[in-house]
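The lines below spell out each chain.
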Amino acid sequence: MKVIRYGKYVGEPADAVDLDELVKRMGDFFLQSGFESQFYGVSEMDNQRSMEALQEAILRALQEGDLLPEDAMSEELRKMLQSPQAQNSQAVKDLLEKLMERLAQEGFINPQQPPQVTPPHQNTARGSLGQPQERQTEARFEITDKTIDFLGFKTLQDLMGSVGRSSFGRHDTRDLSTGVESGGVSRPYEFGDTLNMDVSETLFNAVRREGVKVPIEMTYSDLMVHQCEYHSSCATVLLLDCSHSMILYGEDRFTPAKRVAMALSHLIRTQYPGDTLSLVLFHDSAEEVPLGELARVQVGPYYTNTREGLRMAQRILLRQKKDMRQIIMITDGKPSALTLEDGRIYKNAFGLDPFVVGQTLEEVNKCKRAGILINTFMLATDYSLVHFVQKITEMCRGKAYFTTPYTLGQYLLMDYMQRKTKQIH
């Protein structure tokens, strides 16, 4: 008699790993800004985008612990993961391959296979060919928009938790308007108001004027509408310094700044749908970058052309019809470059160049005349930068924050949510 024995399905160790937690732990790897690279700037062949580098990053995350449950792996596999020779183990290699497959299947990464090149024949009718040159055939990957959005959400979640906020809404002001949410006393309807009618007050006016009778005759003057708190809209340009100094001096300041920008983008998209956010990078020059490309940006070139960044931010904001327009500037250095009228770039990294500072402050003055607020978050405290930022705050009546890459997000998000967008005199 044939006997079939069934056992409990244990599953693969890779299936027990929480991918969300894995991606969160690998956030610095996905958002790398060139801090560990000898090449500054974006390089399509950066070895940190290779599948081999991805394997190493996954292994480091697993070695930190808590990702693999104890009952999901054997004692031998657990010891091998903590071994310096872990990558030489076939079991570990299989585990890493499975995890990369899951990341691709869930849409966190997009593997890019190397091109398949067919070598030519060495002999032809006209003679022999030389040896073909070696081509880069390393498999690579790109992070997806899902990963970028997920990391932005997780950063926002961590930041809001650290400042003790459980929920947040739109920008509050001390003004009243008509809208859907009632929050104040009713008032007579005026042309252009949202028709959020206070039915009881409207009927009471008609009865008081005509007396109790049926049908009730109403006139234009009887109409009453609810008042609610007026919520303003805001157009923001995040002006991010990506010059060489952002990864110098043994500290990566650019990756935390990118994390905060992604969190701010997620905050605005989900909680302030009427607001807009644009991103401008400034270095030797300046350019607007889509927020979806922020995670892929690296530092470089070397100098800090603050004026060009302000000019581009102004052009973006002047196209926006919002109640408030502001520039949030994150920098760690004084202005050291200037774009001349003929397109050449004047550079001077030694001290505060009067010509560069004068032209930059003139651009700040233009922002003031256009009603654009400038808030500056400084990641360094050297005298030249402090003196320059003090001038900006005096001219624009903005705010200046001395902060670090570790507390930048708390300052920035709290300031964005708590700002009063309209003053009553």
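Above this text is the structure in question.
Each value, and the rule that gives it
- Residues numbered from 1 in each chain as written.
- Predicted model: local features only at pLDDT ≥ 70, side-chain atom pairs only at ≥ 80, totals over all residues.
- Heavy atoms only, no water.
- Helix = DSSP H or I, 4+ residues; strand = E, 2+ residues; numbered from the N terminus.
- Buried < 20%, exposed > 50% of the residue type's maximum accessible area, 1.4 Å probe, protein only.
- Contact = heavy atoms within 4.5 Å.
- 1 Å grid on protein atoms, 1.4 Å probe; cavity = no way out; pocket = protein on both sides within 12 Å on 5 of 7 lines; lining within 4 Å.
- Points joined across faces, edges and corners; volume = space filled by probe spheres on them.
- Nonpolar A, V, L, I, M, F, W, Y, C, P; charged D, E, K, R; others polar.
- Expected span 1.5 Å × (residues − 1).
- Arc of directions from axis to C-beta.
- Core = buried A, V, L, I, M, F, W, Y, C linked by side-chain atoms within 4.5 Å.
- Phe/Tyr/Trp six-rings, centres within 6.5 Å; stacked < 30°, edge-to-face > 60°.
- Patch = residues over 30% accessible without salt bridge, like charges linked within 9 Å, V, L, I, M, F, W, Y side chains within 5 Å.
- Areas by Shrake-Rupley, 256 points an atom, 1.4 Å probe, with all protein chains shown as cover.
- Salt bridge = Lys/Arg side-chain N within 4 Å of Asp/Glu carboxyl O.
- Polar contact = N/O pair within 3.5 Å; in protein donor to acceptor, adjacent residues only side chain to side chain.

Chemist: For this particular structure, what's the right way to read the overall build of the protein?
Modeler: Helix and strand counts for the protein stand at twelve helices and 16 strands. The buried share of the protein, reckoned over its 425 residues, is 45%. Put simply, of all contacts in the protein between residues at least 6 apart along the chain, 74% involve residues at least 24 apart.

Chemist: When you look at empty space enclosed by the protein in this model, what are you seeing that I'm missing?
Modeler: A probe matching the size of a water molecule, rolled over the atoms, marks out where space remains unfilled. The final tally for this structure, using the stated rule, is one cavity of 30 Å³ or more. The calculated volume of the largest cavity comes to roughly 30 Å³. Of all the secondary structure elements, the ones that give two or more residues to the lining of the largest cavity are strand S12 (324–331) and helix H11 (383–396). Among the residues forming the lining of the largest cavity, the class breakdown is four nonpolar, three polar and no charged.

Chemist: Just to check I follow, could you spell out helix H7 (residues 199–210) for this structure?
Modeler: Every α-helix winds through 3.6 residues per turn, so residues three or four apart in the chain are directed the same way. Over its twelve residues, H7 extends 17 Å from the first C-alpha to the last, a length consistent with the 16 Å expected when each residue adds 1.5 Å. Within H7, the full set of buried residues consists of Thr202, Asn205 and Ala206. Buried residues along H7 cover an arc of 95 degrees about the axis, so they all sit on one side. Exposed residues pointing more than 90 degrees away from the buried face of H7 are listed as Ser200 and Arg208. Packing partners of the buried residues in H7 comprise strand S7 (224–225). A positive backbone phi angle near 85 degrees is found at Gly211, which sits one or two residues after H7.

Chemist: Would you explain the nonpolar core in this entry?
Modeler: Where a protein is soluble and globular, its nonpolar side chains tend to be buried together. With 67 residues, the main nonpolar core has Phe30, Leu54, Ile58 and Leu62 as its most contacted residues. A per-element tally of this core places helix H8 (residues 254–271) first, with nine residues. Ignoring any residue separated from it by four or fewer positions in sequence, one finds Ile58 in contact with Leu22, Met26, Leu96, Leu99, Met100 and Leu103. Grouped together as the second largest cluster of nonpolar side chains are 26 residues, Val280, Leu310, Ala313 and Cys396 included.

Chemist: Teacher, can you tell me more about the packing of aromatic side chains here?
Modeler: The geometry of an aromatic ring pair comes down to the distance between the two centres and the angle between the two planes. For the coordinates displayed, the defined rule picks out six aromatic pairs. Seen in terms of ring centroids, Phe108 and Phe150 are 6.0 Å apart; in terms of plane orientation they differ by 75 degrees. Their pairing is edge-to-face. Pair noted here: Phe108 is in the loop between helix H5 (90–105) and strand S1 (109–112) and Phe150 is in helix H6 (residues 145–162), with a separation of 42 residues, a long-range link. The same class applies to Phe108 and to Phe150, which are both buried. Among the aromatic residues, those joined into a cluster by ring pairs are Phe29, Phe30 and Phe141.

Chemist: What is the right way to read a nonpolar patch on the surface from this model?
Modeler: Nonpolar side chains collect at one region of the surface, where Val199, Leu203, Ile216 and Met218 lie side by side and expose about 340 Å² of accessible area between them. Relative accessible area serves as the criterion here: at 35%, Leu203 is assigned to the partly exposed category.

Chemist: Looking at this structure, how should I read the pattern of salt bridges?
Modeler: Opposite charge on two side chains permits them to pair, given that their charged atoms come into close proximity. The full count for this structure, using the stated rule, is 15 salt bridges. Across the salt bridge formed by Arg209 and Asp222, the nearest N and O atoms sit 2.6 Å from each other. Of this pair, Arg209 sits in helix H7 while Asp222 sits in the loop between H7 and S7, placing them 13 residues apart in sequence. Note on Asp222: relative accessible area 3%, which makes it buried. In this structure, the salt-bridge partner of Arg311 is Glu308, at a minimum N-O distance of 3.8 Å. With a gap of three residues between them, Arg311 and Glu308 both fall in helix H9 (residues 306–317), about one helical turn apart. When salt bridges that share partners are traced, they join Glu142, Asp145, Glu293 and Arg296 into one network.

Chemist: Before we go on, may I ask you to explain helix H10 (residues 354–369) in this structure?
Modeler: An ideal rise of 1.5 Å per residue puts 22 Å on 16 residues; H10 measures up with 22 Å between its terminal C-alpha atoms. Within H10, burial applies to Val356, Val357, Thr360, Leu361, Glu363, Val364 and Cys367. Looking down the long axis of H10, one finds its buried residues gathered within 155 degrees of arc, a one-sided arrangement. Exposed residues lying more than 90 degrees from the buried face of H10 are Pro354 and Arg369. Packed against the buried residues of H10 are H9, S12, strand S13 (337–339), strand S14 (345–347), strand S15 (372–378) and H11. Between the side-chain oxygen at the start of H10 and the backbone nitrogen of Phe355 there is a gap of 2.8 Å, and the oxygen is on Asp353. Among the residues trailing H10, Gly371 stands out with phi positive, at a value near 75 degrees.

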